[in-house]
Amino acid sequence: MILQALTQYYEDLLALGAIERPGWSKSKVSYGLVLNDEGQLTQLLHLQTEVVRGKKTVLAPQELLAPSPAKRSSGVLANFLCDNSSYLLGVDAKGKPTRTAECFAAAKALHLGLLEQADSPAARAVVRFFECWDPAQAAGHPALQEDWDDLLKAGNLIFWYENVPVTQDPVVADAWTQHYGAVDDAAEPIRCLVTGRCGPLARLHPNIKGVAGAQSSGASLVSFNASAFCSYDHEQGANAPVSEYAAFAYASALNTLLSDRDRVCRVGDTTILCWAAGGDSNYQDCFIANMFGDSHSETGLLNTLHHLAKGEHIAWNGNRLDPDTRFYVLGLAPNAARLSVRFFWQNTFGRMARNLARHYDRLNIIRPAYDKFPTLPVWRLVQETVRKPSPGTRPAEPNPRLAGDLLLAVLNDMPYPATLLDGTALRIRAECNVSRGQAAIIKAYYLRNSSNPKLKEVMTVELNEQSTYLPYVLGRLFAVLEEVQQSANRDIKTTIKDRYFNAASATPSTVFPLLINLAQKHLAKLDGGLSLYYQKKISNLIDRITQTLPARMALPEQGAFQLGYYHETQKRYAKSKKEES
């Protein structure tokens, strides 16, 4: 399904003129070999451009349209018109002159074979270059001497004629296209599993570049490089028959998606891509803004999603989005020289919006005044499960599978993964505090995953003052006892939260008698009016406790305790802010 969807996306882009035809792709090129009519090298053209990387400005190769490169392993295999110095000039710094000579001979044979009958000045210039070029004289050539060391660093070169790349010559381009589309007699004819059509088998699939953490030279999405992966004595791509056209199409579509950094998201080790049937990029922009952005107002975001969920068209950046459009989301992660598929989701754009709106409704919770982010995108939820980075240190990496499992649960409106709650609970225990994001996770998790009505009763946006659910009431009581301590000791640095929060949420029967006795000493330090206020507040909460304090509380009960503590604390701060105003 993944390869079929990507192949269809390639054809959609091809129809829009937004992607290159088979046999052509963008290549990183460092230098141009300028040729005259006699095929003589007259100049070395610098094609690097300045780019900012971090705090530095460096020279980087320029991306130019060129014939698709061959997938090399260890053998000698030349590329057409665009290749490194070993093939186009017959020189390198690898210290293997015999192999370098073989590389140049392979390039010479390829170019002469394709261009000897081509009738254009550019084609004749390339042919004469290979007929006359002597690699032994390359080091002394005046056009190469100044940049000789850089030339040997395996950067790509491209032939240049009359101020443009030779690849732009129509006759040369047509010669390559015919060669690329010709049926190889040695290629095994198969019925493609992706397109359903007959065609030559792709034994090796193109590399995919741009997945975070994978090899910079590219990694394979489909590969068979060991006997353990093969069956029925098949070799390489014959184990999953895919035609050369389908392999090129899906790889081109995937590389095009990955090259657009503004529309690629990363959560943990997972690189997330999305696309819509028909090739309209506005669907991608809308999805990324709603799923991963945190600058949109909650009201505006939910209005957009609710309109789509009801089957209504919406305007996005001046373009009309149809909720019935097919939409795809793919998560990829690095795995040595290959790629792992973390998840793949496909459905209508409206179904995605409906499920995402439900997710945000569950996450909705009162937030502190200092929290300026109206929504909690997926990447923020994942970060709530790891420790906060200290200055000068790198953020901790979350569970590798969590991002994919969470995103798939959101898109399918399925129960949230247990790893989300486990990671959140561990961080609360380690920090003895409940953040807005962690409280939202607890609320959303139990609203979706639990069937306990008493538990769901307290999973509210704001404080539920009428609830008598014991764990929730104990969480509220703990927050009030902490408030009493802080009022009695204005300069205190460490409160009961730092010492007793975990024990109070897990084993309340052993902790709360001690805390209530301690609160009486704190109340004695307060003036009469304030002391009476807190006494009434504590008494009101204790009156709601109609059963013996449990010796232990289960994880869902601890979640209710933590949410009760968070709600009561936020009500206190909201009231203080109102009084100050």
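Residues numbered from 1 in each chain as written. Predicted model: local features only at pLDDT ≥ 70, side-chain atom pairs only at ≥ 80, totals over all residues. Heavy atoms only, no water.

**Some thoughts on the overall build of the protein chain**
Phase 1 of the analysis: A tally of regular secondary structure across the protein chain gives 20 helices and 17 strands.
Phase 2 of the analysis: Here the C-alpha atoms of the protein chain give a radius of gyration of 32 Å, more than 25% beyond the 25 Å that 2.2 N^0.38 yields for 581 residues.
Phase 3 of the analysis: Seen along its three principal axes, the alpha-carbon backbone of the protein chain occupies a region of about 105 × 50 × 50 Å.
Phase 4 of the analysis: Here the protein chain, with 581 residues, has 49% of them falling under the buried criterion.
Phase 5 of the analysis: For the protein chain, the proportion of contacts with a sequence separation of at least 24, taken over those separated by at least 6, is 69%.
Phase 6 of the analysis: Surface summary for the protein chain: the accessible area is close to 28,100 Å², and the carbon and sulfur share equals 49%.
Phase 7 of the analysis: Each charge sign in the protein chain was given a centre, from 61 positive and 58 negative side chains, and these centres are 12 Å apart. (Helix = DSSP H or I, 4+ residues; strand = E, 2+ residues; numbered from the N terminus. Rg over C-alpha atoms; globule rule 2.2 N^0.38 Å. Buried < 20%, exposed > 50% of the residue type's maximum accessible area, 1.4 Å probe, protein only. Contact = heavy atoms within 4.5 Å. Areas by Shrake-Rupley, 256 points an atom, 1.4 Å probe, with all protein chains shown as cover. Lys, Arg positive; Asp, Glu negative; His and termini not counted. Charge placed at Lys NZ, Arg CZ, Asp CG, Glu CD.)

**Some details on helix H14 (residues 436-449)**
Three- or four-residue spacings in an α-helix give side chains the same orientation, since the helix completes a turn every 3.6 residues.
Phase 1 of the analysis: Compared with the 20 Å implied by 1.5 Å per residue over 14 residues, the 20 Å span of H14 between its first and last C-alpha is a close match.
Phase 2 of the analysis: Among the 14 residues that make up H14, 11 are buried, leaving the element largely enclosed by the rest of the structure.
Phase 3 of the analysis: All buried positions along H14 are accounted for by Arg436, Gly437, Gln438, Ala439, Ala440, Ile441, Ile442, Lys443, Ala444, Tyr445 and Tyr446. (Expected span 1.5 Å × (residues − 1).)

**With respect to the pairing of strand S2 (residues 31-35)**
Phase 1 of the analysis: The element S2 is largely enclosed, with a buried count of 5 among its 5 residues.
Phase 2 of the analysis: Of the two faces of S2, the one holding Tyr31, Leu33 and Leu35 and the one holding Gly32 and Val34 are both buried throughout.
Phase 3 of the analysis: Here S2 folds back onto strand S3 (residues 41-46), and the loop between the two strands holds 5 residues, one of which, Gly39, carries a positive phi near 80 degrees.
Phase 4 of the analysis: Where S2 and strand S8 (residues 157-161) come together, 5 bridges link them in parallel fashion. Looking across to S8, one finds that Leu35 is bridged to Tyr161. (Pairing = 2+ DSSP bridges.)

**Re the sheet that holds strand S16 (residues 326-335)**
Phase 1 of the analysis: The sheet built from 4 strands is open, its strands ordered S12-S13-S16-S17 with antiparallel pairing. If you trace the sheet from one side to the other, it starts and ends with strand S12 (265-267) and strand S17 (338-348), each paired once. Neighbouring strand axes in the sheet, compared pairwise and without regard to direction, differ in orientation by 25 degrees on average.
Phase 2 of the analysis: Relative to strand S13 (residues 270-276), S12 is paired through 3 bridges, and the arrangement is antiparallel. (Axes fitted to C-alpha atoms, helices over the stretch in contact; angles between N-to-C directions.)

**Description of the pairing of strand S5 (residues 56-60)**
Phase 1 of the analysis: Of the strand pairs in this sheet, strand S4 (residues 49-53) and S5 are connected by 5 bridges, and their pairing is antiparallel. Directly across from Glu50, in S5, lies its bridge partner Leu59.
Phase 2 of the analysis: Taking the residues that link successive antiparallel strands as the turn, the S4-S5 hairpin has 2 residues, and the phi of Gly54 there is positive, at about 70 degrees.

**Describing the packing of aromatic side chains**
When we look at a pair of aromatic rings, we describe it by the centre distance and by the angle of the planes.
Phase 1 of the analysis: Applying the stated criterion across every chain yields a total of 27 aromatic pairs.
Phase 2 of the analysis: Among the aromatic residues, those joined into a cluster by ring pairs are Tyr10, Phe80, Trp176, Tyr180, Tyr245 and Phe248.
Phase 3 of the analysis: Over the face of the ring belonging to Phe373 we find Arg380, whose NZ or CZ atom lies 3.7 Å from the ring centre. (Phe/Tyr/Trp six-rings, centres within 6.5 Å; stacked < 30°, edge-to-face > 60°. Lys NZ or Arg CZ within 6 Å of the ring centre and 35° of its normal.)

**Topic: the confidence of the model for the protein chain**
Close inspection of predicted coordinates is inappropriate in any region flagged by low pLDDT.
Phase 1 of the analysis: Here the protein chain averages 90 in pLDDT, and 97% of its residues register 70 or above.
Phase 2 of the analysis: Ranking the helices and strands of the protein chain by mean pLDDT puts H14 first, with 97, and helix H9 (residues 298-309) last, with 81. (pLDDT = per-residue confidence, 0-100.)

**Quick look at the environment of Tyr9**
Phase 1 of the analysis: On the secondary structure map, Tyr9 appears in helix H1 (residues 2-16).
Phase 2 of the analysis: What makes Tyr9 buried here is its relative accessible area of 5%.
Phase 3 of the analysis: Separated by 429 residues in the primary sequence, Tyr9 and Gln438 have C-alpha atoms spaced 38 Å apart.
Phase 4 of the analysis: Apart from residues no more than four positions distant in its own chain, Tyr9 is found in contact with Ala253, Leu257, Trp275, Ala276, Gly279 and Gln284.

**Considering the side chain of Thr7**
Phase 1 of the analysis: By the secondary structure assignment, Thr7 is in helix H1.
Phase 2 of the analysis: Of the polar contacts made by the side chain of Thr7, one reaches the backbone oxygen of Leu3; its length is 2.8 Å.
Phase 3 of the analysis: With near-sequence residues (within four places) excluded, Thr7 lies in contact with Val194, Thr195, Tyr245, Ala246, Ala249 and Tyr250. (Polar contact = N/O pair within 3.5 Å; in protein donor to acceptor, adjacent residues only side chain to side chain.)

**Here's the deal with the pattern of salt bridges**
Phase 1 of the analysis: Inspection of every chain in the model, using the stated rule, returns 22 salt bridges.
Phase 2 of the analysis: Glu483 is the salt-bridge partner of Arg572, the closest N and O atoms lying 3.6 Å from each other. Note that Arg572 is positioned in helix H20 (residues 555-580) and Glu483 in helix H16 (residues 470-488), a separation of 89 residues in sequence.
Phase 3 of the analysis: Looking at Arg572, the relative accessible area reads 11%, which means it is buried.
Phase 4 of the analysis: Between Glu568 and Lys537 there is a salt bridge, with its nearest N and O atoms 3.6 Å apart. Taken together, the residues span a long stretch of sequence, with Glu568 in helix H20 and Lys537 in helix H19 (residues 528-543) at a distance of 31 residues.
Phase 5 of the analysis: Overall, the relative accessible area of 3% leaves Glu568 in the buried class.
Phase 6 of the analysis: Shared partners join several salt bridges into a network, and the residues in it are Arg476, Glu482, Glu483, Lys537, Glu568 and Arg572. (Salt bridge = Lys/Arg side-chain N within 4 Å of Asp/Glu carboxyl O.)

**Some points on the environment of Asp361**
Phase 1 of the analysis: Among the secondary structure elements, Asp361 is positioned in helix H10 (residues 349-363).
Phase 2 of the analysis: Along the chain, Asp361 and Ala444 lie 83 residues apart, while their C-alpha atoms are 8.4 Å from each other.
Phase 3 of the analysis: Non-local contacts of Asp361, meaning those with residues more than four positions away in its chain, are made with Leu302, His306 and Lys443.

**With respect to the side chain of Thr167**
Phase 1 of the analysis: One can find Thr167 in the loop between strand S9 (164-165) and helix H6 (170-181).
Phase 2 of the analysis: Only 3.5 Å separates the side chain of Thr167 from the backbone oxygen of Leu65, close enough to count as a polar contact.

**Focus: the packing of H16 against helix H18 (residues 508-524)**
Angle between the axes and distance between the axes are the two parameters that describe a pair of packed helices.
Phase 1 of the analysis: Where H16 contacts H18, the axes come no closer than 10 Å and their chain directions differ by 30 degrees. It follows from the interaxial angle that H16 and H18 lie roughly parallel. For the crossing formed where H16 meets H18, the hand is left-handed. Here Leu474, Leu477, Phe478, Leu481, Val484, Gln485 and Ala488 of H16 lie close against H18, whose contacting residues are Pro508, Phe512, Leu515, Ile516, Ala519, His522 and Leu523.
Phase 2 of the analysis: Residues belonging to the contact of H16 with H18 are distributed by class as follows: 12 nonpolar, 2 polar and no charged. (Parallel < 35°, antiparallel > 145°, perpendicular 65-115°, else oblique. Left-handed = near helix turned anticlockwise from the far one by under 90°. Nonpolar A, V, L, I, M, F, W, Y, C, P; charged D, E, K, R; others polar.)

**Here's the deal with the nonpolar core**
Phase 1 of the analysis: Grouped together as the largest cluster of nonpolar side chains are 90 residues, with contacts concentrated most on Phe287, Phe292, Val329 and Phe478.
Phase 2 of the analysis: No other element matches H16, which puts 11 residues into this core.
Phase 3 of the analysis: When neighbours within four sequence positions are excluded, Val329 is seen to be in contact with Ile272, Leu273, Cys274, Phe287, Phe343, Phe344, Trp345, Leu407 and Leu411.
Phase 4 of the analysis: Membership of the second largest hydrophobic core comes to 43 residues, among which are Leu89, Val127, Phe129 and Leu152. (Core = buried A, V, L, I, M, F, W, Y, C linked by side-chain atoms within 4.5 Å.)

**Re the state of the cysteines**
Phase 1 of the analysis: In total, this model carries 0 disulfides according to the counting rule given.
Phase 2 of the analysis: Lacking any disulfide linkage, Cys286 is separated from the closest cysteine sulfur, that of Cys274, by 10.0 Å. (Disulfide = S-S within 2.5 Å.)

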